[in-house]
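Structural features, examined
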Amino acid sequence: MVLTIVQRQEEESLGPIFASRYVQDPVPRYALPEKSISKDAAYQIIHDELLLDSSPRLNLASFVTTWMEPECDKLIIEAINKNYADMDEYPITTEIQNRCVNIIARLFNSPVNEKESAVGVGTVGSSEAIMLAGLAFKRRWQNRRRAQGKPCDKPNIVTGANVQVCWEKFARYFEVEIKEVKLRDGFYVMDPVKAVEMVDECTICVAAILGSTLTGEFEDIKLLDDLLARKNMRTGWDTPIHVDAASGGFIAPFLYPELQWDFRLPLVKSINVSGHKYGLVYAGVGWVIWRNKEDLPEELIFHINYLGADQPTFTLNFSKGSSHIIAQYYQFLRLGYEGYKNVMKNCMESAKILRQGLVQIGCFHIISKEKGVPLVAFSFKDGKKSSAFKLSKILRRFGWIVPAYTLPPDVEHMTVLRVVVREDFGRAMVEKFLSHMKIALKELHSVMEAPIPTIRYTIELKPCEAAEDEALRPLPKVVVLSQEVEPVDRSIHLSGGKTKGVC
């Protein structure tokens, strides 16, 4: 007779996860646990806690892509264990990065011929891209000043007060003064005339924005180039332009091909763009492209050979994943010029519907332009700062994340709400958002209009015993004789209906 011996597995792996003892045990947060747990329990604990995060697709504050096709998701998983820095071990991944650089450079009208390779690099986002571009400008300026026998210890950059915080980081981290052009009512981007007026012989570059984070508006880079060229000719300086196209770099070439903002302008020496915004890739990829090799000083490029071959590298970090580089190339192949143009047109149409809906509501002033990044920035007509923050908080109960923020100097008296329209925020979602907006406004108005109850007290002040020291005499005792509260019509608070859950 054959005897079958069944080995009993650990108790926690036999039953459902929710019957496991790990559900009741405290979850370690700041210290490594002493013992291991099953993979299923570890997954479930983390998965359940992450349920408390907001839904990325309802996050209307972010420009970052929140949806990609399943085929691209599969490619990302397949490449998740490839280190981008190991160029010799993963030559095809390196080649794909180079293809992306050249595709983007030609999209931005880089002056390279068919057989010539463009100069650029993939980054973890536009923040790193801006740091690298800024370093190149600083080093070129320092080299030029040293050759002229002039001091090079006080570089500055000129930009608008509407810049993203990464520019302030660059200025602080790399000891560069930032000279900001203040905004003004009705003009929420950098004024090219004022920007050129602020340029001096220590300006390493003027940073222009193609798609302001605050309002989505494109700055007039063509006018900036013209004005700066005249000043350079008059002074003998060679002040260049960097274009921060983090948001607008994958919009303008498809929707506004006639707009001159890129390498068609002679003073534009470098451009950064976020692949994880309207490049339609998940968060974690950006690009910086230089006009030509002379604009990227050779001394900033490191050459290493301990991974198997000579590898040039110009990054702020070293090891990073390859998945997002591959995902970017997938989108270029999958969509092509036609596909990107259709996606951007759809985003602009959704933004138009949203804009019209907000105008019809009647209590908002739209401050964003129709030409620019597909977003809608708006403020309350009554000008009350608190209204925007309260509305933002109410909308969160429906799941929508809509940021409220004050504008930078000199328009800090304005509080604005902003809705970013991404590829996955289509017409049906816009209409649902507008319906929730109307409900939220009713609740906001009911709370703001609700009367404050009046409370009347009748009190008596009783003197205390005298003290030897007059300065130490205690305050009189307060005795409440009666309290009267005027009733408030509570029905006012019910006009908005029951509290709405997340959709």
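The preceding data block contains the structure.
So, how was this worked out
- Residues numbered from 1 in each chain as written.
- Predicted model: local features only at pLDDT ≥ 70, side-chain atom pairs only at ≥ 80, totals over all residues.
- Heavy atoms only, no water.
- Core = buried A, V, L, I, M, F, W, Y, C linked by side-chain atoms within 4.5 Å.
- Buried < 20%, exposed > 50% of the residue type's maximum accessible area, 1.4 Å probe, protein only.
- Helix = DSSP H or I, 4+ residues; strand = E, 2+ residues; numbered from the N terminus.
- Contact = heavy atoms within 4.5 Å.
- Axes fitted to C-alpha atoms, helices over the stretch in contact; angles between N-to-C directions.
- Parallel < 35°, antiparallel > 145°, perpendicular 65-115°, else oblique.
- Left-handed = near helix turned anticlockwise from the far one by under 90°.
- Polar contact = N/O pair within 3.5 Å; in protein donor to acceptor, adjacent residues only side chain to side chain.
- Expected span 1.5 Å × (residues − 1).

Looking now at the nonpolar core. With 114 residues, the main nonpolar core has Leu354, Leu391 and Phe433 as its most contacted residues. When residues of this core are assigned to their parent elements, the largest contribution, 14 residues, is made by helix 9 (residues 323–361). Each residue touching Leu391, except ones within four places of it in the same chain, is listed here: Phe364, Phe380, Leu417, Met437, Ala440, Leu441 and Leu444. With 17 residues, the next largest nonpolar core counts Met131, Trp141, Cys202 and Ile204 among its residues.

Here we take up the packing of helix 2 (residues 70–78) against helix 9. Look at helix 2 against helix 9: their axes get within 8 Å of each other, and the N-to-C directions meet at 150°. Relative to helix 9, the element helix 2 lies roughly antiparallel. You can see that helix 2 and helix 9 cross each other, and the crossing is right-handed. Along its contact with helix 2, which presents Glu71, Cys72, Leu75 and Ile76, the element helix 9 presents Ser323, Ile326, Ala327 and Tyr330.

Structurally, the position occupied by Ser38 is in the segment before helix 1 (39–50). Owing to a relative accessible area of 18%, Ser38 belongs among the buried residues under this scheme. One polar contact links the side chain of Ser38 to the main-chain amide nitrogen of Ala41, over a distance of 3.1 Å.

With that settled, the discussion passes to unusual backbone geometry. Note the cis peptide between Pro409 and Asp410, where omega equals 5°. Inspection of the secondary structure puts Asp410 in the loop between strand 12 (404–406) and strand 13 (415–420). The phi dihedral of Glu175 falls on the positive side, at around 55°, and the residue is not glycine.

On to the side chain of Ser350, then. The topology assignment puts Ser350 in helix 9. According to the relative accessible area criterion, Ser350 is buried, its value standing at 7%. Ignoring any residue separated from it by four or fewer positions in sequence, one finds Ser350 in contact with Val421, Phe425, Gly426, Arg427 and Val430.

Another point: helix 3 (residues 91–107). Between its first and last C-alpha atoms helix 3 spans 24 Å; for 17 residues at 1.5 Å apiece the expected length is 24 Å, and the two agree. Of all the residues in helix 3, the buried ones are Thr93, Thr94, Ile96, Gln97, Cys100, Val101, Asn102, Ile104, Ala105 and Leu107. The elements touched by buried residues of helix 3 are strand 1 (119–123), helix 8 (252–255), strand 6 (268–274), strand 7 (286–290) and helix 9.

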